[in-house]
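Structure at a glance
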Amino acid sequence: MRLGIVGCGPSAVALIVGLSYERTETSDVVVLEKGDPLSSDFLKADDDAIITNTSAGITSIVPGNETDLIEWLGLVAPALAQSASFIPRGLYRRYLSERLSQACDRLRWQGKKITFIRGSVNGVEALGDGDLRLWANDRHEDVQALVVATGAQAKPTHLTFNETTHIVQNPYADQRFLQDMRAGGSVLILGSKLSAIDAAVLILKHRPDMRVTMASKSGMLPSVRSELLRYEAQFYKVDHWERVTQGDRVRRLAHLALKELQSRRTSVRQPCDLQTPLGRLQHEITLCRSGQNRWQHAIAHLIEETNEVWNRLTVEEQFRLKDIASGFIGRYVSSFPLQNACKIAEAMKVGRLSIVPIREANTGRNLEHTFGTFDAVVNCTGLDATSYRRSPLWRHLAALDCRSNVHGGIAADPHSMRLTTEVPKHRIYGMGAPISGSLLVTNYVRASVKQAEAIIGDLQNVHRSASTSRKAA
């Protein structure tokens, strides 16, 4: 069987690595990527100031081996070889590159072929017997199964600023603006979440003379984490897990985590004003340092529990659970490491960085009128998980009856990752951002590894079914 993979980010790497260890009928793998392998925005930064937002203990790319990253760090960066370490993103890209290269060697040693093609897939054509023809760069590749792992794209900013203002659409890839700005200048960062934190830390490190303004609709920073690891649900001392339905178990865990968070906030004496960005940030730092931010102990476990039962919930239950957990997941899964929080807090205390709320209707001109002109504007408004809808690939998948789910992503079976169609004639799988909504959370490496395991399991089932049919014949 020839397998096509569209995209070559961490999700695709997890799948390729998994395929190199497991027995499937896949004999030929073709990877189509519009840029270089592992050229995802969040992997482009080589500066040590930009670190991962998940701990090494749950960021292994190898299906079935959660300690692989820690073992690798033990060889190349022993000081970081701990479960709770947040490692530089450039170092993590090196780890992914090495594991990808080794997986390709294993596949070739097994007599299998793997080919990388640079180009955007702009056509998918159905052939006989369920085969598919992929078109890219005026050439075509025929495959028997397809995996869509295109990831999410950065949201472009359409605000108009002064013609002398440098607009930075991707702070991970475009760091030239740090050298181009005049001494004592100012930078506006659009957004206040994870990519905005990364940009701010980068500027604070390399341009201590710059004034940084971070503007967002919320005007607040994410929460702070000192680690992000999976802990068993028994952490919450609930003794009736096995006597409730899976859906109730997940909802109960979400409620307990929220209750725990609220109780910790009210039980710790804080002289600061929690209504201000700096006050809340200092409070979160205190919770981390005192070991009282116990909400972080349940997050990853909550996500995995929920993803496991997601397809067994009704649509009404899914929306209800998203309502219950939206603040929990949106704010606290998007929390950032303690070491960066301390840098941001120090910069705010000395006046080098400020955070301001802006109305959605603000234009670039209005922002400059309110806060003054800027030498550079850095777009950190986040990723667009629905960007796949604007691609020719999606139009062709829709023509093959691949459907959207009620939450806005491509509908997929959470157990196999197969995209949902009226007649399951074609073997088409989805991973990561495009299938948002088919699982509660898809946009972190651990989720990609679990999805890779599901796809490999389905391919193995196909292999066993084919073998049985051949024996019967």
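Up top is the structure.
The paragraphs below set out a description of the structure included in this document. Source: prediction; values computed, not measured.

**A look at the pattern of salt bridges**
The tally for this structure, following the rule as stated, stands at 17 salt bridges. Measuring nitrogen to oxygen at the nearest pair gives 3.1 Å for the salt bridge that ties Asp-47 to Lys-205. Of this pair, Asp-47 sits in the loop between strand 2 (28–33) and helix 2 (68–76) while Lys-205 is found in helix 5 (residues 194–206), placing the two residues 158 residues apart along the sequence. The residue Arg-418 makes a salt bridge to Asp-458 at a minimum N-O spacing of 2.8 Å. With Arg-418 in the loop between helix 12 (392–399) and strand 17 (427–430) and Asp-458 in helix 13 (residues 445–472), this pair connects stretches of sequence that are 40 residues apart.

**Focus: the pairing of strand 10 (residues 186–190)**
Within strand 10, five of the five residues are buried, leaving the element largely enclosed by the surrounding structure. The two faces of strand 10 match: Ser-186, Leu-188 and Leu-190 on one face and Val-187 and Ile-189 on the other face are all buried. In the sheet, strand 10 pairs with strand 11 (residues 211–216) via five bridges, with the strands oriented parallel. Counterpart to Leu-190 in the pairing with strand 11 is Ala-215.

**Observations concerning the nonpolar core**
The tendency in soluble globular proteins is for nonpolar side chains to be buried side by side. Ile-5, Leu-15, Ile-61, Tyr-92 and Ile-428 are the most contacted members of the largest nonpolar core, which totals 69 residues. For Tyr-92, the residues in contact, after removing those within four places along its chain, are Leu-43, Thr-52, Thr-59, Ile-61, Leu-69, Ile-87 and Val-445. Listed in part, the 38 residues of the second largest apolar core include Ala-49, Ile-50, Leu-178 and Ala-196.

**Looking at the sheet that holds strand 5 (residues 132–136)**
As a general point, the strands of a sheet are linked pairwise by backbone hydrogen bonds and lie either parallel or antiparallel. Pairing in this open sheet of three strands is antiparallel, and the strands run 4-5-6 from one edge to the other. In this open sheet, the two strands that pair with only one neighbour each are strand 4 (121–126) and strand 6 (139–143). Neighbour-to-neighbour, the strand axes of this sheet turn through a mean angle of 25 degrees, independent of strand direction. Where strand 4 meets strand 5, five bridges bridge the pair, whose relative direction is antiparallel. Within strand 5, the residue paired with Ala-126 across the bridge is Leu-132.

**A few points about the packing of aromatic side chains**
One pass over the full model with this rule turns up two aromatic pairs. Seen in terms of ring centroids, Trp-72 and Tyr-95 are 5.3 Å apart; in terms of plane orientation they differ by 55 degrees. Their pairing is tilted. Taken as a pair, Trp-72 in helix 2 and Tyr-95 in helix 3 (residues 89–109) lie far apart in primary sequence, 23 residues in all. For the pair Trp-72 and Tyr-95, a shared accessibility class is recorded, and that class is buried. On the basis of an interplanar angle of 35 degrees and a centroid distance of 5.6 Å, the ring pair of Tyr-92 and Tyr-95 is categorised as tilted. Placement of both Tyr-92 and Tyr-95 in helix 3 is noted, with a separation of three residues, approximately one turn of the helix. Tyr-95 matches Tyr-92 in its accessibility class, with the two residues each being buried. Ring pairs connect the aromatic residues Trp-72, Tyr-92 and Tyr-95, which therefore count as one cluster. Here Arg-106 stacks its cationic end above the ring of Tyr-21, 4.0 Å away from the centre of that ring.

**Notes on unusual backbone geometry**
If a residue is not glycine, its phi is most likely negative; likewise, a peptide bond is most likely trans. For Leu-38, which is not glycine, the phi torsion reads 60 degrees and is therefore positive. Assignment of secondary structure puts Leu-38 in the loop between strand 2 and helix 2. Positive phi is not limited to glycine here, since Met-417 has a value of about 65 degrees. The class of Met-417 is buried, set by a relative accessible area of 1%.

**Topic: a nonpolar patch on the surface**
Where nonpolar side chains cluster on the molecular surface, the patch consists of Val-315, Phe-319 and Val-406 and spans about 240 Å² of accessible area. Relative to the helices and strands, Val-315 is located in helix 9 (residues 315–333). A residue is classified by how much of its surface remains accessible, and Val-315, at 38% relative accessible area, is partly exposed.

**Re the sheet that holds strand 17**
Taken in spatial order, the five strands of this open sheet run 3-2-1-7-17, and their pairing is parallel. This sheet does not close on itself; its edge strands, each paired only once, are strand 3 (113–118) and strand 17. Across the sheet, the mean angle separating the axes of adjacent strands is 15 degrees when strand polarity is ignored. For strand 2 and strand 3, the ladder comprises six bridges, and the chain directions are parallel.

**Comments concerning the environment of Ala-149**
With respect to the element layout, Ala-149 can be found in the loop between strand 7 (145–148) and strand 8 (153–154). Between the C-alpha atom of Ala-149 and that of Glu-33, which follows or precedes it by 116 residues, the distance is 9.7 Å. The residues contacting Ala-149, other than those within four sequence positions of it, are Val-6, Gly-7, Ser-11, Ala-12 and Met-431.

Conventions we followed
Residues numbered from 1 in each chain as written. Predicted model: local features only at pLDDT ≥ 70, side-chain atom pairs only at ≥ 80, totals over all residues. Heavy atoms only, no water. Salt bridge = Lys/Arg side-chain N within 4 Å of Asp/Glu carboxyl O. Helix = DSSP H or I, 4+ residues; strand = E, 2+ residues; numbered from the N terminus. Buried < 20%, exposed > 50% of the residue type's maximum accessible area, 1.4 Å probe, protein only. Pairing = 2+ DSSP bridges. Core = buried A, V, L, I, M, F, W, Y, C linked by side-chain atoms within 4.5 Å. Contact = heavy atoms within 4.5 Å. Axes fitted to C-alpha atoms, helices over the stretch in contact; angles between N-to-C directions. Phe/Tyr/Trp six-rings, centres within 6.5 Å; stacked < 30°, edge-to-face > 60°. Lys NZ or Arg CZ within 6 Å of the ring centre and 35° of its normal. Patch = residues over 30% accessible without salt bridge, like charges linked within 9 Å, V, L, I, M, F, W, Y side chains within 5 Å. Areas by Shrake-Rupley, 256 points an atom, 1.4 Å probe, with all protein chains shown as cover.

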